[in-house]
Amino acid sequence: MMEIQSFDGVGLLRELLPILLAALAALVAAKLFVAPRKADQAHRAPRQAIQTDLKLAGPDVPTLTFFGDQLKRFEDEVRRIYAVNHDKPPFGRGMKNLNGPVPPCDVKESIRQMRAACADLQEPVTGGWRLHEPLDDIFYTRFLTAVDFHQARALQLIRNYVKFRREMRGGTPPDYSWLKAGLGIVPFEDVMGRPIIVARAKYFDSQISAETFRSFYRGMVDSIIAHLLMKRRPQLSDTNPFEQYVLVLDVLGATRRNFSMTAIQVMIHESNNYYPDRVAQIFVLGVNLAVRSLWSLVSPMVMPRTRKKTELIKEADVPNLMRQLVGHEKLPEEYGGSAPRLPSPAQAKTLSDMAGPIPADIWEKLGAVRMLEEKTAMASKICVAWDMPPYGFRQMSSFKLWLHSRGESTAITRTITDCADFLTDLQQSADLKKLNLDLPKRDEGYSPSGWLSTCCSIR
């Protein structure tokens, strides 16, 4: 049987392969996500351990506890939000909704009781950053509202939430596995100062795993929480008192292949257990008969107040709704505005393109961008497959190279000649470390024709 060494070009392959893998690893670590490092960082200090937590709030974030007239004003806002009344200007017209639900107990007294019940959960505000948002009147009331002011249930949810944050060491950082999928983007706030998550269903994968979608949901909502905390003032917000966000689900261009019951179940579980009453409104854009059928299937699993927050918008009504919600100047062209179109996942090159300016900015401030770069470089595998034609035609041989990160991959295909040209200026680089990578031998299952592959970890 023909030995592997008899293949024309294998000698060159053996020489170039380690350098090629190391070069690709260096490029991935340096250039995968955001803008290049500043010039003064060219000579770095020895690499430190990767940061493993994402802290959402610092000691400078005001803790909002209300008394007197402020408490009365807050109570009025709680009653409006509990009734799912969205008529407050500037988005609404200022009309009162007299038919909405009413809190079943005294709001002010419930808040006072929650303060006492959660006193042991308070973290000392001394030095450094807290792992999660302040436990204050806004925090308590979101949980109370979500469970219809059932105090025992609200208290249990709060204790579970604090435990969750401590186990997570704060918030969920971004991950390349869901960033590149384009599951959602936060490009701007609405006229009420509420960040908007735009989820474009046509980019959803019905086979997405529960773990990937859970990481995406937590990562995006945590970035919004941190954003709202950083812009918080010592007084109650006039337009966004519960520090909520808006979900815009764009189903235009989507098919049944984009529908994932797993994603819906994960979102409902996470919202009910860890992010109660964070969503102010949900707009489903471009509804048709199929979408209405899906909604009738899903809506029984959704809490009654959440169903009341949800509006289905016909395609013809989308521009008017979005201009009212966002404004013409900030609104992308595809929704009837004058701003540039939102980049598709294939067009997204930067972190801002992938997740939106709001998460990208907050992740930069929290140090999550550096975490993302280092985690990708440390936890990735550079894999290679090479084609060996049976007759040894060097010009017909080719490589396939790809980066594996949590099961995700990005492929590059090159011929041997292309690889040699690509490496001309990199072979002498001091940043490249030679990797020990042996080609498969005959007794290891080598076939003289077809694709062979191997992987090596890059650290």
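Residues numbered from 1 in each chain as written. Predicted model: local features only at pLDDT ≥ 70, side-chain atom pairs only at ≥ 80, totals over all residues. Heavy atoms only, no water.

- By the naming in an unreviewed UniProt entry, the protein goes by CRAL-TRIO domain-containing protein and is assigned to Durusdinium trenchii.

### Things to note about the overall build of the protein
So, step 1. Helix and strand content of the protein: 15 helices and nine strands.
So, step 2. In the protein, buried positions account for 49% of the 459 residues.
So, step 3. In the protein, once contacts between residues fewer than 6 apart in sequence are set aside, the share between residues at least 24 apart is 77%.
So, step 4. As presented, the protein carries roughly 22,800 Å² of accessible surface, and 52% of it is formed by carbon and sulfur atoms. (Helix = DSSP H or I, 4+ residues; strand = E, 2+ residues; numbered from the N terminus. Buried < 20%, exposed > 50% of the residue type's maximum accessible area, 1.4 Å probe, protein only. Contact = heavy atoms within 4.5 Å. Areas by Shrake-Rupley, 256 points an atom, 1.4 Å probe, with all protein chains shown as cover.)

### Quick look at the nonpolar core
So, step 1. The biggest cluster of nonpolar side chains holds 77 residues, and the ones touching the most others in it are F74, I158, L179, F213, M220, Y245 and W363.
So, step 2. By residue number, the principal contributor to this core is helix α7 (residues 210-230), which donates 10 residues.
So, step 3. If you look at the next biggest cluster of nonpolar residues, it comprises 19 residues, including F91, M192, V248 and L321. (Core = buried A, V, L, I, M, F, W, Y, C linked by side-chain atoms within 4.5 Å.)

### Some thoughts on unusual backbone geometry
So, step 1. That bond from P89 to P90 is cis: its omega, 10°, falls within 30 degrees of zero.
So, step 2. Within the fold, P90 resides in the loop between α2 (68-82) and α3 (107-117).
So, step 3. For R169, which is not glycine, the phi torsion reads 55° and is therefore positive.
So, step 4. For R169, the position within the fold is in the loop between α5 (151-168) and α6 (176-179).
So, step 5. Unlike most non-glycine residues, E243 shows phi in positive territory, near 55°.
So, step 6. Within the secondary structure, E243 is located in the loop between α7 and β3 (245-250).

### Here's the deal with the packing of aromatic side chains
So, step 1. In this structure the tally under the stated criterion is 14 aromatic pairs.
So, step 2. Of the aromatic side chains, those joined through ring pairs into one cluster are F139, Y140, F143, Y161, F164 and Y274.
So, step 3. Positioned above the aromatic ring of F91 is the side chain of R194, whose terminal nitrogen or guanidinium carbon lies 6.0 Å from the ring centre. (Phe/Tyr/Trp six-rings, centres within 6.5 Å; stacked < 30°, edge-to-face > 60°. Lys NZ or Arg CZ within 6 Å of the ring centre and 35° of its normal.)

### Thoughts on the confidence of the model for the protein
So, step 1. Residue-level pLDDT values for the protein average 76, and 67% of them are 70 or greater.
So, step 2. Taken as a whole, residues 1-13 scores under 50 in pLDDT and shows 27 contacts with residues more than four places along the chain or in a different chain.
So, step 3. Scored below 50 in pLDDT, residues 405-414 makes 27 contacts in the model with residues more than four places away or belonging to other chains. (pLDDT = per-residue confidence, 0-100.)

### Focus on the pairing of β3
So, step 1. Among the six residues of β3, five are classified as buried, and the element is accordingly described as predominantly covered.
So, step 2. Pairing geometry for strand β2 (residues 195-200) and β3, over five bridges, is parallel. Paired with A199 across the bridge in β3 is L249.
So, step 3. For the handedness criterion, the β-α-β arrangement of β2, α7 and β3 is classed as right-handed.
So, step 4. Of the pairings in the sheet, the one linking β3 to strand β4 (residues 279-287) comprises six bridges and is parallel in character. Across the sheet, the residue bridging to Y245 is V279, located in β4.
So, step 5. Handedness of the crossover joining β3 and β4 through helix α8 (residues 261-273): right-handed. (Pairing = 2+ DSSP bridges. Right-handed = clockwise from strand over helix to strand, strands pointing away.)

### Quick notes on the environment of L252
So, step 1. Within the secondary structure, L252 is located in the loop between β3 and α8.
So, step 2. Separated by 52 residues in sequence, L252 and R200 have C-alpha atoms that sit 7.8 Å apart.
So, step 3. Discounting residues that sit within four places of it in the chain, L252 has contacts with K202, L285, G286 and E315.

### What to know about the pattern of salt bridges
So, step 1. All told, the structure shown has 22 salt bridges when counted by the stated rule.
So, step 2. Ionic pairing is found between E270 and R214, a salt bridge with its closest N-O pair at 3.3 Å. Of this pair, E270 sits in helix α8 while R214 sits in helix α7; the two residues are 56 residues apart in sequence, bridging distant segments of the chain.
So, step 3. Using a relative accessible area of 22% as the deciding quantity, one classes R214 as partly exposed.
So, step 4. As a salt-bridge pair, D277 and K309 come within 3.7 Å of each other at their nearest N and O atoms. Placement of D277 in the loop between α8 and β4 and of K309 in helix α10 (residues 304-309) is noted, with a sequence separation of 32 residues between them. Both residues of the pair, D277 and K309, count as buried.
So, step 5. Through salt bridges that share partners, E211, R214, R218 and E270 make up one connected network. (Salt bridge = Lys/Arg side-chain N within 4 Å of Asp/Glu carboxyl O.)

### Some words on α8
So, step 1. Helix length check: α8, at 13 residues, gives a terminal C-alpha distance of 18 Å against a target of 18 Å (1.5 Å per residue), a fit within 8%.
So, step 2. Among all positions in α8, only A263, I264, V266, I268, E270 and S271 are buried.
So, step 3. Residues of α8 that are buried in the fold lie against α7 and α9 (289-298). (Expected span 1.5 Å × (residues − 1).)

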